[in-house]
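Structural characterization, general
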Amino acid sequence: MGLQSGSLRARLVLQLLVVAAVLAVLLFFTVRYTADRAAEATQDAILGAATTSVAEQLRATEEGVEIDLAYSTFSMLGAIGQDRLFYRIDIGNSTVTGYDDLPLPEQRPTSLAAEFYTAPYLDTKIRISAVSRTIVVGTSPVPVLVMIGQTRQGQAAIAGALANRAALLGFGFFVLAVPLSLLSAGSIFNPINRLAEAVGRRGPRDLRAVRHPTPRELAPLVAALNGFVSRLRGALSQTETFIAEAAHHIRTPLSTVRTEAEIALRQSDNEATRIRLRSMIRGVEESARSASQLLDHAMVLYRSDQLEMVEVDMGQAARNVARAFGPTAELKEVSLIVLGDDRPLPTRGDPLLIEAALRNLVDNAIKYSPEETEVCIALSQGNGMVKVRVCDQGRGLSGASMEQLAQRFSRGGNVSDVVGSGLGLTIVTEVIAALGGEFLLEEQATGGTCANMSLPQH
Amino acid sequence: MRQYVIAAALMCCATRVEAYEIEDERLFGPPNMPVISVLSTTDTDVFAPVIEAFLAAHPDHALRYVAASSQEVFRAMRDEDAQFDLVISSAMDLQMKLANDGFAAPIVSAQTQALPPWTKWRDRLFGFALEPVVLMASKKAMQGLVLPRTRRDLIDLLRANPDRFNGRIATYDPNISGAGYLFATQDARQTDAFWRLAEVMGRLNAQLYCCSGEMITGLENNELALAYNIVGSYAFTRVQGSDDLVVIELEDFTVALVRTAFVPRNAERPQMGAELLDFMLSKTDGQTTRSGGAALLPREQAALPPHVRPIRLDPGLLVYLDRIKRANFLAEWNAAMTQP
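Quick look at the overall build of chain B
Within chain B, the regular secondary structure consists of 13 helices and 12 strands. For chain B, the proportion of its 340 residues judged to be buried stands at 57%. The long-range share in chain B, meaning contacts at least 24 apart out of those at least 6 apart in sequence, stands at 79%. When the accessible surface of chain B is summed, it comes to about 14,500 Å², and 52% of that surface belongs to carbon and sulfur atoms.

So, the pattern of salt bridges
All names here are of chain A. One pass over the full model with this rule turns up 31 salt bridges over all chains. Taking the shortest distance from any N to any O, the salt bridge between Arg 289 and Glu 286 comes out at 3.3 Å. Remark: Glu 286 and Arg 289 occur in helix 5 (residues 271–305); sequence separation between them is 3 residues, near one turn of the helix. For the residue pair Arg 289 and Glu 286, the accessibility class agrees, reading buried in each case. Salt bridges sharing common partners tie together Asp 36, Arg 37, Glu 40, Asp 44, Arg 127 and Arg 152.

Some remarks on helix 1 (residues 8–56) of chain A
Given a rise of 1.5 Å per residue, 49 residues ought to cover 72 Å, and the 71 Å separating the end C-alpha atoms of helix 1 of chain A matches this to within 8%. A side-chain oxygen of the first residue of helix 1 of chain A lies 3.2 Å from the backbone nitrogen of Arg9(A); this N-cap is Ser7(A).

A word on unusual backbone geometry
Residue and element names in this part refer to chain A. Phi at Glu 372 takes a positive value of approximately 60°, unusual for a residue other than glycine. Residue placement: Glu 372 occurs in the loop between helix 7 (351–367) and strand 11 (374–382). A relative accessible area of 64% places Glu 372 in the exposed class.

As for the sheet that holds strand 11 of chain A
In a beta sheet, neighbouring strands pair by backbone hydrogen bonds and run either parallel or antiparallel. Residue and element names in this part refer to chain A. On the basis of which strands lie adjacent, the open sheet formed by 5 strands has the order 9-11-12-14-13 and mixed pairing. Each edge of the open sheet is held by one strand with a lone partner, namely strand 9 (335–339) and strand 13 (438–443). Shown here is a sheet whose adjacent strand axes are inclined to one another by a mean of 15°, direction ignored. Note that strand 12 (residues 385–391) and strand 14 (residues 449–456) share 7 bridges and pair antiparallel. Residue pairing across strands places Val 386 opposite Leu 455, the latter belonging to strand 14. Strands in contact with helix 7 are strand 9, strand 11, strand 12, strand 13 and strand 14; relative to strand 14, the strand with the most contacts, it is inclined by about 170°. Across the face of the sheet, helix 9 (residues 424–435) comes into contact with strand 13 and strand 14 while running at roughly 145° to strand 13.

With respect to the interface of chain A and chain B
At the junction of the two partners, chain A supplies 25 residues and chain B supplies 26 residues. The three residues of chain A that bury the most area against chain B are Tyr71(A), Gln82(A) and Arg84(A), which together make up 36% of that side's buried surface. For the interface between chain A and chain B, the tally reads 3 salt bridges. In this structure, Asp100(A) engages Arg323(B) in a salt bridge whose closest nitrogen and oxygen atoms are separated by 2.7 Å.

Some words on a nonpolar patch on the surface
All names here are of chain A. Residues Leu 14, Val 18, Val 19, Val 22, Leu 23, Leu 26 and Phe 173 make up a contiguous nonpolar surface patch of roughly 640 Å² in combined accessible area. For the nonpolar patch, the element with the highest residue contribution is helix 1, accounting for 6 residues. By relative accessible area, which is 42% here, Leu 23 ends up partly exposed.

Points about the state of the cysteines
Applying the stated criterion to the full structure yields 2 disulfides over all chains. Each sulfur in the disulfide pair Cys391(A) and Cys450(A) lies 2.0 Å from the other. Its S-S torsion of about 115° marks the bond between Cys391(A) and Cys450(A) as right-handed, since a negative value means left-handed. Taken together, the positions of Cys391(A) in strand 12 and Cys450(A) in strand 14 put the pair 59 residues apart, joining distant regions of the chain. When sorted by exposure, Cys391(A) lands in the same class as Cys450(A), which is buried. Note that Cys210(B) is cross-linked by a disulfide to Cys211(B), the S-S spacing being 2.2 Å. One disulfide, between Cys210(B) and Cys211(B), carries an S-S torsion of -90° and so falls in the left-handed class. With a relative accessible area of 26%, Cys211(B) lands in the partly exposed category.

Focus: empty space enclosed by the protein
Residue and element names in this part refer to chain B. Scanning all chains against the criterion turns up 2 cavities of 30 Å³ or more. When its volume is computed, the second largest cavity comes out at roughly 50 Å³. Elements with a minimum of two residues in the lining of the second largest cavity: strand 7 (169–172), helix 8 (178–190), helix 9 (193–203) and strand 9 (226–231). Grouping the constituent residues of the lining of the second largest cavity by class yields 7 nonpolar, 3 polar and no charged.

Regarding the packing of helix 5 of chain A against helix 9 of chain A
Residue and element names in this part refer to chain A. Contact geometry for helix 5 and helix 9: axes closest at 10 Å, N-to-C directions at 15°. Relative to helix 9, the element helix 5 lies roughly parallel. The two elements helix 5 and helix 9 meet at a crossing, and its hand is left-handed. Seen from helix 5, the contacting residues are Gln 293, Asp 296, His 297, Val 300, Leu 301 and Ser 304; seen from helix 9, they are Gly 424, Thr 426, Ile 427, Glu 430, Val 431 and Ala 434. Among the residues making up the contact of helix 5 with helix 9, the classes are represented as 5 nonpolar, 5 polar and 2 charged.

Description of the sheet that holds strand 3 (residues 85–91) of chain A
All names here are of chain A. Spatial strand order, 4-3-7-6-5: 5 strands in an open sheet with antiparallel pairing. Strand pairing shows two members of the sheet lacking a second neighbour, strand 4 (94–98) and strand 5 (115–121), which therefore form its edges. Put simply, the sheet's adjacent strands are angled 30° from each other on average, direction ignored. Bridge count for strand 3 against strand 4 is 4 bridges, and the pairing is antiparallel. Among the inter-strand pairings, Arg 88 is bridged to a residue of strand 4, identified as Gly 98.

A look at the nonpolar core
Of all hydrophobic cores here, the largest spans 121 residues; its most connected members are Ile148(A), Leu39(B), Leu158(B) and Leu226(B). Here this core takes 7 residues from strand 6 (residues 125–138) of chain B, the largest share from any one element. The next biggest cluster of nonpolar side chains, apart from the first, holds 38 residues, and it includes Val386(A), Val428(A), Val431(A) and Ile432(A).

About the cut-offs
- Residues numbered from 1 in each chain as written.
- Chains lettered and ligands numbered in written order.
- Predicted model: local features only at pLDDT ≥ 70, side-chain atom pairs only at ≥ 80, totals over all residues.
- Heavy atoms only, no water.
- Helix = DSSP H or I, 4+ residues; strand = E, 2+ residues; numbered from the N terminus.
- Buried < 20%, exposed > 50% of the residue type's maximum accessible area, 1.4 Å probe, protein only.
- Contact = heavy atoms within 4.5 Å.
- Areas by Shrake-Rupley, 256 points an atom, 1.4 Å probe, with all protein chains shown as cover.
- Salt bridge = Lys/Arg side-chain N within 4 Å of Asp/Glu carboxyl O.
- Expected span 1.5 Å × (residues − 1).
- Polar contact = N/O pair within 3.5 Å; in protein donor to acceptor, adjacent residues only side chain to side chain.
- Pairing = 2+ DSSP bridges.
- Axes fitted to C-alpha atoms, helices over the stretch in contact; angles between N-to-C directions.
- Buried area = accessible area lost by both parts, 1.4 Å probe.
- Patch = residues over 30% accessible without salt bridge, like charges linked within 9 Å, V, L, I, M, F, W, Y side chains within 5 Å.
- Disulfide = S-S within 2.5 Å.
- 1 Å grid on protein atoms, 1.4 Å probe; cavity = no way out; pocket = protein on both sides within 12 Å on 5 of 7 lines; lining within 4 Å.
- Points joined across faces, edges and corners; volume = space filled by probe spheres on them.
- Nonpolar A, V, L, I, M, F, W, Y, C, P; charged D, E, K, R; others polar.
- Parallel < 35°, antiparallel > 145°, perpendicular 65-115°, else oblique.
- Left-handed = near helix turned anticlockwise from the far one by under 90°.
- Core = buried A, V, L, I, M, F, W, Y, C linked by side-chain atoms within 4.5 Å.

The following block contains the structure:
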């Protein structure tokens, strides 16, 4: 997984944790170093005081120099960490007592202010404090160098204990950082999630610009999204306008052609010409039908974007459609029967859309009905719905699913001999989806298909 | 070239001649087993029961026990690179110096960890027995006198009866005895009365000894009336079964000595030395019992009677080992002892 993909949240958490870990380690070393320095300074002060005190007690006597090492001083020096103790006292150039080979300071101290240095000695490393003073032996001044060295086990123990605390603190800091960074990563991504939810909740035709409040950092993303949506909306409406225009432009000349063909049919005595003219008229009719379906479809798409909800009597609408299709049915010798009483079937919706849906249902039923059969329109209501059921005695669906048939320009597998655009059912399902109704196609056991359309009762 | 070889041989012999002096050497256990070597200031007979118990638990080892004076033990370790697996001494100052100067190996075991902090120094030097340093008297010699309870009592007693005590009071000679030097310096550190006592003893021609045992023998033989600064383990052992001897713990203060042991860094079998140390420490079960005269170490210093002052294991002990300090102290002591 490269940096370009993967989880942003995981990356953010990881980065926060790395920062926390670095800070924790830094904290540990800082405290450790400070503790070590503090412990060293304290120990140095004690050691220096002890050395100075020993040097101060040096006295010149007639026999030479009197040195009085204080028991309690030495006792105390070892108290902190049971440290080992070494000392050396030089008078002039010779060591008078202590450890002859204790390392000397690089620079001889010049006063009773202690000089501190670390040096290896015997099997260990020691911290030495050295002071110097001058005493008068006889008549001549003699320089005296007093050195006391100690191991720093006590200092190491103190610094170690503090470092352990620091380590614990650092670890605690890190442990605390884990849930905090998870939390903060979560809260940072909340606006993104909310935006995604808001966009995801939109219906299939909702192409409005996104107005969801978002943090500043997301503004470019939202702007880009809105730009994209508006381009999409423009392209869609252009296409739809184009289709509607095209259909309209085709339909008008087609009716002229049809009229002319009918006139020619009437005037012609030649049987062969008449047959050709008839088939021409049928072709022109189908083309006109397709063109009006395209127009219907464009109209449905346009109007379902801007629904005009008014009260509609679906029963009345169905009867009107049946009446309009009367001549067509008669021509095909199909009897169109409306079942159900005259009670109104009230619903809310766009009357033009409802009419388009009903018209396509009935048109389909008639189109696929063989001659001398019935198309039956049944009106009913119940369960809070008003229902229209259109049944034919045609060839059925041959197992094709409703989802397939409802797709644009998709037609059943058994209709190649019938002219059609495949837009009829698409229009119906889109209208019903826009109005919040239900649509169901079913094959009858006796042959033929029933289309059930129901809309919420008002 | 030849001369060098001879010189080297001579030097070798010279070192041999100068080698530390031992008082006793005994091998315990089966002779053909790996030998654990122990150098100690404790008399062999006193320590024998511990050795036998240890060997009973370790039948696959033998133990060579070398007894020497504390000065000799110190010399053996510091100057002569003698190889031992455990070094036991009553001279805390010398042991402390050896440990401070890096002659002791670190030992970490459950037993040593469990020791109360005041009875050990780092992980090098471990105390295994506490012994008060006491005054002993012969009842016969003290007839008609009240036994002293403090040093002041003792000084008064000696001053009041010079005839009875002349030449019949004994103490360690700090010039030759490491333990005697330690006791004297600790006394001097505790109280100024020590120097007065020394002067009184010097005037009474005090007898100076190397060892506790010989002083007690002197008391038993009626050569002595009082012996000052006797190691507790000897005193309490010898007073048993004697109706003449009496042990007195002076109430102003009684210095208590911690017998210490360490495993030397150059030990041949440090593991076995550490095991013997553990064995000795395991007897320290926190009760102040006086088995064999030595008090085992209590967990808390506060559990001791108030007049008992254990010598602390700390670098303060190094102070009196300083050559100038030592020379000054001994000069002072000798001046007090030899009076016209």
